[in-house]
Amino acid sequence: MAEPQTDPGALLERRAVRLTEQAGDRVAAVRRCGEVLVELGAVTEEYVAAMLQREQSISTYVGEGVAIPHGTLSGKEAVRRDALAVLRFPDGVDWAGSPVSVCVAIAARGDGHVELLAALAQILLDPEQARELREATEIDDVLRLLAPVGEESST
């Protein structure tokens, strides 16, 4: 079986998938998501603050155990390139009363995040795909599940 290709220009790089993260609360989870985007070189440190600000103003929880942390409009200046990061929290994180086990962090310069959110929503509307994402223990599984998100945003 061929290994999925990792295009450095892809929205979701192999190294952006972290499946064994831990966070005591949603603030720590959002901060960790931002740190991964910084590690990828997709954003500057300022974007992490914009992500935390977004979470304070409106929850990024979208259902099915998934949250989509992203920055505020003013944080777009801290985005170097569009990117995704997927962090799985096997022990779960309390997201204002809802359990979250997966965060899909988004960094987008323009309106690309709207397409990303729409593609991700389609995955989450399928309970089986949402379960697979929450329970994924292999990077290849996450890349396969989220391939439509990357394809949607590149059109």
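Before reading on, note that the structure itself is shown above.
Keep in mind it's a predicted model, so treat the numbers as computed, not measured.

A few points about the environment of L117
- Note that L117 resides in helix α3 (residues 112-124).
- Given a relative accessible area of 29%, L117 falls into the partly exposed group.
- In sequence terms L117 and I68 are 49 residues apart; their C-alpha atoms lie 8.3 Å from each other.
- Sequence-distant contacts of L117, that is, excluding residues within four places in its chain, are made with I68 and I106.

Looking at the nonpolar core
- L12, L37 and V142 are the most contacted members of the largest nonpolar core, which has 50 residues in total.
- By residue number, the principal contributor to this core is strand β4 (residues 83-95), which donates eight residues.
- Dropping the residues within four chain positions of it, V142 is found in contact with L12, V17, L19, V86, L133 and A136.

Digging into the sheet that holds strand β1 (residues 17-18)
- The mixed open sheet is built from five strands, whose spatial order is β1-β4-β5-β3-β2. With partners counted over all chains shown, the strands left at the sheet margins are β1 and β2 (61-63), one partner each.
- In this structure, β1 lies alongside β4, joined through two bridges in parallel fashion. For V17, the partnering residue across the bridge sits in β4 and is V86.
- Lying on the sheet, helix α1 (residues 26-39) is in contact with β1, β4 and β5 (98-107); it crosses β4 at an angle near 160°.

Calculation rules
Residues numbered from 1 in each chain as written. Predicted model: local features only at pLDDT ≥ 70, side-chain atom pairs only at ≥ 80, totals over all residues. Heavy atoms only, no water. Helix = DSSP H or I, 4+ residues; strand = E, 2+ residues; numbered from the N terminus. Buried < 20%, exposed > 50% of the residue type's maximum accessible area, 1.4 Å probe, protein only. Contact = heavy atoms within 4.5 Å. Core = buried A, V, L, I, M, F, W, Y, C linked by side-chain atoms within 4.5 Å. Pairing = 2+ DSSP bridges. Axes fitted to C-alpha atoms, helices over the stretch in contact; angles between N-to-C directions.

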